[in-house]
Amino acid sequence: MSDNPTKKKEKIPRQPMAEQEPQVRRHNFDEVPFGYSDEVALLEAQRCLQCKKPPCMAGCPVEIDIPGFIKLVAEGDFIGGARKIKETNTLPAICGRVCPQETQCEVVCVLAKKGDPVAIGRLERFVADYERKSGDIQIPKKASSSGKRAAVVGSGPAGLTIAGDLVKMGHAVTIFEGLHKPGGVLIYGIPEFRLPKAIVDAEVDYLKKLGAEIRPNVVIGRGKTVDDLLAEGYDAVFLGVGAGAPVFMNIPGENLSGIYSANEYLTRSNLMKAYRFPDYDTPIALGKNVAVLGGGNVAMDSVRTALRLGADNAYIVYRRSKTELPARIEEIHHAEEEGVQFKFLTNPVEFIGGEKGWVTGMKCIQMELGEPDDSGRRRPIPIKGSEFVIDVDMVVVAIGTQANPVVPATTPGLETNRWGYIVADPQTGATSRKGVYAGGDIVRGSATVIEAMGDAKRAARAINEYLKTL
Amino acid sequence: MLNEVIENTKLSDIVVRMVIEAPDIADTRKAGQFVVLMIDEKGERIPLTIVDSDAAKGTLAIIYQVVGKTTAQLAEMRAGDRLFSVLGPLGRPTEIENFGTVVSVGGGVGIGVAYPITKALKEAGNKVISIIGARTKNILILEEELKAISDKLLISTDDGSYGHHGFVSDILQNLITSGEKIDRVYAIGPVPMMRVVCEVTRPHKIPTVVSLNPIMVDATGMCGACRVAVGGKTQFACVDGPEFDGHEVDFALLATRLRMYCDQEKQATESTRCTCHER
Ligand SMILES: Cc1cc2nc3c(=O)[nH]c(=O)nc-3n(C[C@H](O)[C@H](O)[C@H](O)COP(=O)(O)OP(=O)(O)OC[C@H]3O[C@@H](n4cnc5c(N)ncnc54)[C@H](O)[C@@H]3O)c2cc1C
Ligand SMILES: Cc1cc2nc3c(=O)[nH]c(=O)nc-3n(C[C@H](O)[C@H](O)[C@H](O)COP(=O)(O)OP(=O)(O)OC[C@H]3O[C@@H](n4cnc5c(N)ncnc54)[C@H](O)[C@@H]3O)c2cc1C
Ligand code: FES
C-alpha cells in the first residue's frame, strides 16, 4: 500500500507560507507573507493529484489550467508554470495574493474533502514572482495590426486585462484613467502589506511594452465623454470604471472630523502614500482608538492600516457575527493575529463629537440574529435598550461602495439598472450602446479582481469580433 | 509640452497667477470649473479654479494664494518647469443665464475664483456689479480686469488702505439699502465672508450662490473627503458643486473640516505659517 503514489502524496501536509511575525508586521507596511521557497513549492506541487476532471478549474472564474501549471512546478519548470497560467490569466502575481481561493478553486479541491486542499493560490503567487524576479518575461506575439482603435476607460483589473488582450489581437489601445496612477483598486485600495505596488507597476510596464497607451489624469464624462471618444475615431469603447463611490451610514454626526470613508482613508494611505508623511505631502489622521465599520476585505485593509499607523485599539464593528464576515479568511486570520478587536453583532447609530468638531465616541446598539434574509444570511435585529458608547477618535466607514454616476450620466442611451450599474450582456459585455462594452465592478457591483478580469476577457473576444465587422 | 508652466507671475505678495499648457482642458472648460494638480509624485493633489483659458494657445490660467507647502512650492516654479499632473476640468460649471442684475462679491484670492464667473455673467447680458475686498491694498488683485467686465466696481479693505474701510458685506448691505434691485448674488472668498454675505441677502430673499473650497483628494466623487452639508443633506463638493445655494450651506461644518489637518500642515510647511485659522 505504501507505494501507492496517491497515498504518498496525501502524506505531504499542506505547506505553510513563512510570514512576518504579527508583533513585527503590525508596525510596518511591508508585505506580510514571504512566499514559498523553491523547495517548499516543489513539495506543495507534489500534493496535487492531477485529477482527470479537475474541479478546481471549474471553480476558477477564468478556468486556469491548474493541474497543468502545478505539474510544471512539480517538475521544477517554474517559468513554464507561470506561462501556463498566463495563457488564461494575465495577472497571476496579483491573483495569487488577493483571490478568495477558499471559495473558488481550493474549496472544491479533492484533497479538501479529507484534509487540506492544495495551496493553489500560494503556488500561483510563487511562479509569478519567480518569473518576474528572473526578468525572463516573455512579450507574446501580437496579431498583425488591424488598423482598429479601442478606448479603455479605467485601469483597474478589468481595464488592464482587456487592454492586454486587445493589443495582442492587433488593435491599437488607449487606456484613459482618472487618477494620476494606473491600477484602480490595486493601487489606491489594497494596501502595500497585502499587494506590493511594485507588482502592479510591473504589470502596467508590461502592458506599455506590449504597446498599450496609458493616459492618466483623464476623467471620461468630465471634459471628454464616451461619445467624444467614438467621434474621435475609437471604434469601440470598454468601460471598466469600477464601483468607486463611497457609501456612508447616514446616521447623525457622520461629517465630524476624523470620520473617513474607506475609499478616502485607503486612497490617502496607498495612492498618496500618507503613511510616509511628511516624506510624502498628503496627511492622514493618526487615530489611537479606531473603529472600522464593516466586515469585508475593505474593512480588514482599513483596520490593519490603522494599526500600522499607530492605533492602540483598532476595532472591527460588524452588525452580524463572525460566520458571516465576507472578508477572505486569510485577512481575518491576519487581522486577529495582529491584535484587531472584533465587535460582532454591533451597529453604530450615532457619532458623538467633541471639541473642534472631532469625533470622540460612537453610540452603538447590540444586535441579535433573526430569520435568514434575501441573501440567505440571518438578518441582524437591534436589541431594544442595548445602546452603549465606544470611545473612538477615528472611524472608517467600510460598508460598501456604489456606482459613480459620471459615465452613465454623460452617455445618452447607456442603460443602467436601478442601482446605477451598467447593464451588460454577461457573455460579451455588450451594453445598450453599439460599440460600447462594460465589465468589472461597474456591471457587477462590488465583486472581485478575478471576476473583473473574466468579464474583460469575454469582452475582448466580443470586441474583436465586432471590430472585424467594421 | 503638456503641463508646462508658461508663466508664473506675482499679483501681490501672496497671490500668484500661473499659466499652464493643458490643451484638452483649455478646450472644454467652462466658468466655475477647477483643476487638480500635483507638483511631483510625492506631492498633494490640490484643487484650483480655472480662472481663464486660451483654447487657441492650449493654455489655462490659475490664481493661487500661498497658504501652505504646496502653494509655496508652486510659487517657486518658473516658466519651462513641468507639473507632474493636471486633471480637469472638474466640478459642475456655473449656471449662466441672464438673471438681470447680479452682484459678484469676491474676497481675497476668491476674487480670482469669481473672475471667470463674473465674466461669463457679463457675456450672458447681465448688469454686473462687482464688489471686491482684501485685508489691505497691496494684496488686492484683478482690479483692472474686473473693472473692464463690470458695470460697476466697488472696493473695500479691512484696514481702510483703499476703498471702503470695512468689509465687502458692508458694501452689499448699502447697495441693498439704497434700493438697488438685485436678482442674484455670487459670493466667493473666505468662509466667514461667504457666511456674512449670505446673512445679508437672506432677509431680502436674494438667491445667493457660494463656491465652496473643502479639502479634496481625488475630486472625482470617489472618496467623500469634500463632503459638505447643504439643506441638511450631505453633498460632495467636487461633483455636486463646488457651487451651492448659500442660504442652505452649513458654514460652521465647512470651517471645522478645513482645520482637520492643521497640525500636519504646520509640520509640512515648517517655514511657512499655518494660515488655516484665518480661512
Ligand atoms: C480595499 C479593497 C480591497 C479589496 N480586496 C480584494 C481582494 O482581496 N480580492 C479580490 O478579489 N477583490 C478585492 N477587492 C475588490 C476588487 O478590487 C474589485 O472587484 C476590482 O478591483 C474591480 O475591478 P475593476 O477593473 O472593475 O475596477 P477598479 O479596480 O475599481 O478600477 C476602476 C478604475 O477606473 C477609474 N475610473 C473611474 N471612473 C473613471 C472615468 N470616468 N474616467 C476614467 N477613469 C475612471 C478609477 O479611477 C479606477 O482606477 C477589494 C476592493 C477594495 C476597495
Ligand atoms: C474647488 C476648489 C477651488 C479652489 N480654488 C482655489 C483658487 O483658485 N485659488 C486658491 O488660492 N485656492 C483655491 N482653493 C484652495 C486651495 O486648494 C488650497 O489653498 C490649497 O490646497 C492649499 O494647499 P497647501 O499645501 O499650499 O496648503 P496646506 O498647508 O496643505 O493647507 C492650507 C489650508 O488649505 C486647505 N487645504 C489643504 N489641502 C487641501 C486640499 N487638498 N483641497 C482643498 N483645500 C485644502 C486647508 O484648509 C488647509 O488648512 C480651492 C479649493 C477648492 C476645493
Ligand atoms: S474629493 Fe473625493 S469625493 Fe470629492
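Everything quoted here is computed from the prediction, not taken from an experiment.

**Here's the deal with helix H3 (residues 38–46) of chain A**
All names here are of chain A.
Item 1. Residues Ala41, Glu44 and Ala45 constitute the buried set of H3. With its buried residues spanning 100° around the axis, H3 presents them on a single face.
Item 2. Residues of H3 that are buried make contact with helix H5 (66–74) and helix H9 (120–134).

**A few points about the interface of chain B and chain A**
Item 1. In this complex, chain B contributes 38 residues to the contact, which on the side of chain A involves 43 residues.
Item 2. Both faces combined, the contact of chain B with chain A buries some 3,400 Å², and carbon together with sulfur accounts for 55% of it.
Item 3. Counting the surface chain B buries against chain A, the share from its top three residues, B:Lys42, B:Met222 and B:Arg227, is 21%.
Item 4. Where chain B touches chain A, the interface holds three salt bridges.
Item 5. There are 16 residue pairs in polar contact (both at pLDDT 80 or more) connecting chain B and chain A.
Item 6. Where the side of chain B that touches chain A is concerned, the elements lending two or more residues are helix H1 (23–28), helix H2 (69–76), strand S7 (85–90), strand S15 (233–236), helix H8 (251–258) and helix H9 (262–269) of chain B.

**Some details on the site of ligand 2**
Residues and elements named next belong to chain B.
Item 1. The environment of ligand 2 is made up of 25 residues, and the closest members are Pro47, Ile63, Gln65, Thr71 and Glu265.
Item 2. Interatomic distance of 3.0 Å between a side-chain N/O atom of Thr49 and a nitrogen atom of ligand 2.
Item 3. Computed on the free molecule, ligand 2 has an accessible area of 860 Å², of which 96% lies beneath the protein chains in the complex.
Item 4. Considering every element that reaches the shell around ligand 2, the biggest residue donor is strand S4 (residues 46–49), with four residues.
Item 5. Here the residues of the shell around ligand 2 sort into 14 nonpolar, six polar and five charged.

**Comments concerning the sheet that holds strand S3 (residues 34–38) of chain B**
Residue and element names in this part refer to chain B.
Item 1. If you trace the three strands from one edge of the open sheet to the other, you get S4-S3-S7, paired in antiparallel fashion. At either end of the open sheet lies a strand with only one pairing partner, and these are S4 and S7. Looking at each pair of strands side by side, their axes are set apart by 25° on average, direction ignored.
Item 2. Direction of pairing for S3 relative to S7: antiparallel, over a ladder of four bridges. Bridge pairing in S7 links Val36 to Leu87.

**Quick word on the sheet that holds strand S7 (residues 289–293) of chain A**
Residues and elements named next belong to chain A.
Item 1. The five strands are arranged S6-S14-S7-S8-S9 in an open sheet whose pairing can be described as parallel. Two strands in the sheet have a free side with no partner beyond their single neighbour: strand S6 (259–261) and strand S9 (341–343). This sheet shows a mean twist of 20° between the axes of neighbouring strands, independent of strand direction.
Item 2. Of the strand pairs in this sheet, S7 and strand S14 (residues 394–397) are connected by four bridges, and their pairing is parallel. By the bridge assignment, Ala291 is partnered in S14 with Val395.
Item 3. Against the sheet, helix H14 (residues 262–271) contacts S6 and S14, and its axis sits at roughly 85° relative to S6.

**Some thoughts on the site of ligand 1**
All names here are of chain A.
Item 1. Contacts to ligand 1 come from 34 residues, most closely from Val98, Glu177, Arg194, Ile220 and Asp441.
Item 2. In the environment of ligand 1, an oxygen atom lies 3.3 Å from a nitrogen or oxygen atom belonging to the backbone of Pro157.
Item 3. Here an oxygen atom of ligand 1 and a backbone polar atom of Val449 are 3.0 Å apart.
Item 4. Expressed as a share of its isolated accessible area of 1,000 Å², the protein-covered part of ligand 1 is 93%.
Item 5. Counting only elements with at least two residues in the shell around ligand 1, the list comes to helix H10 (157–168), helix H15 (297–308) and helix H19 (449–468).
Item 6. Among the elements that make up the shell around ligand 1, the one with the highest residue count is H15 (three residues).
Item 7. Considered class by class, the residues forming the shell around ligand 1 number 18 nonpolar, 11 polar and five charged.

Calculation rules
- Going along each chain's sequence as written, the residues are numbered from 1 onward.
- Chains carry letters from A onward and ligands carry numbers from 1 onward, assigned in written order.
- Local features in a predicted model are, by the rule used here, given only for residues with pLDDT of at least 70; side-chain atom pairs are given and counted only at 80 or more, and totals for whole chains, interfaces and linings are based on all residues.
- The basis for every side-chain value is the complete set of non-hydrogen atoms in the structure, without hydrogens or water.
- Each residue is placed in one exposure class: buried if its accessible area under a 1.4 Å probe, protein chains only, is under 20% of its type's maximum, exposed if it is over 50%, and partly exposed if it falls in between.
- Only runs of H or I of at least four residues qualify as helices and only runs of E of at least two qualify as strands under DSSP, and these elements are numbered from the N terminus.
- This arc corresponds to the set of directions leading from the helix axis out to the C-beta atoms.
- By the convention used here, residues are in contact when the closest approach between their heavy atoms is within 4.5 Å.
- Summed over both partners, the accessible area lost on bringing two parts together, with a 1.4 Å probe, is the buried area.
- Note on definitions: salt bridges are taken to be side-chain nitrogens of Lys or Arg within 4 Å of carboxyl oxygens of Asp or Glu.
- Here a polar contact is taken to be a pair of N or O atoms separated by no more than 3.5 Å, where protein atoms must pair a possible hydrogen donor with a possible acceptor and residues adjacent in sequence count only if both atoms sit in side chains.
- Only a single heavy atom is needed: when it lies within 4 Å of a molecule or strand, its residue is near that molecule or strand.
- Computed by Shrake-Rupley with a 1.4 Å probe, the accessible areas treat only the displayed protein chains as cover when residues are assessed.
- Under the convention adopted here, Pro, Cys and the residues Ala, Val, Leu, Ile, Met, Phe, Trp and Tyr are nonpolar, Asp, Glu, Lys and Arg are charged, and Gly plus all remaining residues are polar.
- One requirement defines pairing of two strands: DSSP has to find at least two bridges between them.
- Structural elements are reduced to axes, namely lines fitted to C-alpha atoms, with helices fitted over the stretch in contact, and the angle between N-to-C directions of any two is expressed from 0 to 180 degrees.

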